[in-house]
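Residues per chain, in single letters:
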Amino acid sequence: MNINLGNKKYILIYLAIICIFSVCFLKPEDYLSPFFEIGILALIFIIGSSCIYYYTKNEDNLHKVAFLIILLFGITCVFLTPINDVSDEQEHFVRSEIVSTGQLSTTYVPIPNTTQNGYQTINSITIFCENAGANVFGTTVDDAKIDYTPSYFNSAFSQNPFYSYLPQAIGILLAKILDLNAIWMLWLGRLFNLLVYAGIVSFAIRKAPILKFPLLIVSILPLAIYQAASMSVDGMFSAFAILAFAYFLYFYKTPKIKWIDLGIFYGAVILAGLLKSPFLALSLLIFLVPNDHFESKMQNIISKSMILVTLAIGLAWSNYANSVLANSWRGEFFAKKHVNSTEQINYLVSNPAFAAERFLNVFSESPVIIDRLFYFSNDVRDYSSTLLSVLYTAFFLIFSIAYPLDEKFEIKTRIEGLLIGFLIYIGVIGVQYLTWASVGATSVINGVFARYFMPLLIFVPFVVNTDLLDYDNEELSQLFLTIALGFISGMIMLTVSVKY
């Protein structure tokens, strides 16, 4: 590989970053036998260096760069992340297996010989649920063949739409057809989920005529890759949200908008919104599109009226989702903790001073959400890094403020974008508070994690950019990309240090 001097410089910067992170996360016992850590360090160095080199050859094809980065680092996470170790991955795994049998909806049934209800799956799935958090070196269940004996699990995310589990279900079905060991149901399910995320994001970056590089940086957020390389639906919702924003950018620069593009935009908004309802507010981006970019006045009116249809679909689904939410372990939890959205609303209305204080907490407790940018696993307290969270926040703010964008947005457009982003932000926290917190709870962030806000990061450079850096744009892009790859690698080394 012919690597010029410039490439070598950034590869050395990348090597320095990953070595520093690796040393930071090593445990005392790792120093006695660091061979696995050194092996993974060498692997991610090869991957990261290849991505840096590939970027220098494809600077005009950022969608290809994004696809390669997501795929290479994501595949590493597919196999390195322990069994069902991603937050709620057990439930996502159960639902994915159910969908793989052709059941697009779930059935909450009595569990034989018990007084409880649950969802029927197969024994291999429940065995993996019982071994959540174990890596393949610490258990033998990964060596077993698929056990099709009927089994039951108490929750299967019945409130989520079936399409969010189709990639995982295809992977599970393929493992069944090929008669592979049971672990391949998990690995292939994760892999197909990753491929869909990479494909949608790559298409979004290709479609966007401006802000391609910020879209790339947001799409390779370490937490986003980690979620996409799992059985979770959070990667898919993030991908659809990024796609919707990319189409807004396309509308913003396109003089004559086509109906099919409007359909894709609203389709992406709805698909994201059915998974995280506050993201239905992405439909409001249509108001930021210049009026003369619509083909006709009628198209302008219809496209903006579609917001009402989108919200109606979202409201209808939310009512259904809330009705089945308790068909899981959450039902007992809600009863025990006195969680009731109707009573919560009534309490807030009856106590305006308390409600105002909770609203202000949305701002005061934002540092906790930022700290959760690098919260992983089921037991997040044992698997997080405040160091990575603080450093990444500083990196992304510097990037958002100083990186020279290829479009100068008017102040009015930025303020409107800020309002839409803020509406989604408080909407996510508000929905969690109504559906998760005890009536009259003082904390508004119980059950709120940074993964719910991943695609919102694209609003930051859109709103706050000032183009401060008077520097060669090509070198600046390569530097920011190198640092971003360093953070992905830091996440992987954190996994290695905690889980192996």
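Residues numbered from 1 in each chain as written. Predicted model: local features only at pLDDT ≥ 70, side-chain atom pairs only at ≥ 80, totals over all residues. Heavy atoms only, no water.

An unreviewed UniProt entry annotates the protein as DUF2142 domain-containing protein originating from Methanobrevibacter millerae.

## A word on the pattern of salt bridges
Side chains that differ in sign of charge can pair as their charged atoms come close. Tallying each qualifying case throughout the model produces 12 salt bridges. The residue Asp-234 makes a salt bridge to Arg-451 at a minimum N-O spacing of 2.9 Å. Remark: Arg-451 occurs in the loop between helix 18 (411-436) and helix 19 (459-464) and Asp-234 occurs in helix 10 (residues 234-253); sequence separation between them is 217 residues. (Salt bridge = Lys/Arg side-chain N within 4 Å of Asp/Glu carboxyl O. Helix = DSSP H or I, 4+ residues; strand = E, 2+ residues; numbered from the N terminus.)

## Focus on the packing of aromatic side chains
What the rule picks out here adds up to 54 aromatic pairs. Ring geometry for Phe-395 against Phe-480: centres 5.9 Å apart, planes inclined by 50 degrees, an arrangement best described as tilted. Within this pair, whereas Phe-395 is found in helix 17 (residues 386-402), its partner Phe-480 is found in helix 20 (residues 473-499), the two being separated by 85 residues in sequence. Accessibility classification places Phe-395 together with Phe-480 in one group, the buried group. In this structure, Lys-207 packs its charged tip against the face of Tyr-250, placed 4.0 Å from the ring centre. (Phe/Tyr/Trp six-rings, centres within 6.5 Å; stacked < 30°, edge-to-face > 60°. Buried < 20%, exposed > 50% of the residue type's maximum accessible area, 1.4 Å probe, protein only. Lys NZ or Arg CZ within 6 Å of the ring centre and 35° of its normal.)

## Some remarks on the pairing of strand 2 (residues 117-122)
Here strand 1 (residues 109-110) runs beside strand 2; their pairing, made up of 2 bridges, is antiparallel. Among the inter-strand pairings, Val-109 is bridged to a residue of strand 2, identified as Gly-118. Between strand 1 and strand 2, which follow one another and run antiparallel, lie 6 residues, and Asn-113 among them has a positive phi close to 65 degrees. (Pairing = 2+ DSSP bridges.)

## Topic: the sheet that holds strand 1
The strand order across the open sheet built from 3 strands is 1-2-3, with neighbouring strands paired in antiparallel fashion. Each having just a single partner strand, strand 1 and strand 3 (150-153) make up the two edges of the open sheet. Against the sheet, helix 5 (residues 123-130) engages strand 2 and strand 3, with an angle of about 110 degrees to strand 2. (Contact = heavy atoms within 4.5 Å. Axes fitted to C-alpha atoms, helices over the stretch in contact; angles between N-to-C directions.)

## Details of a nonpolar patch on the surface
A surface patch of nonpolar side chains, amounting to about 360 Å² of accessible area, comprises Leu-173, Leu-174, Ile-177 and Leu-178. Locating Leu-173 in the fold gives a position in helix 6 (residues 166-177). (Patch = residues over 30% accessible without salt bridge, like charges linked within 9 Å, V, L, I, M, F, W, Y side chains within 5 Å. Areas by Shrake-Rupley, 256 points an atom, 1.4 Å probe, with all protein chains shown as cover.)

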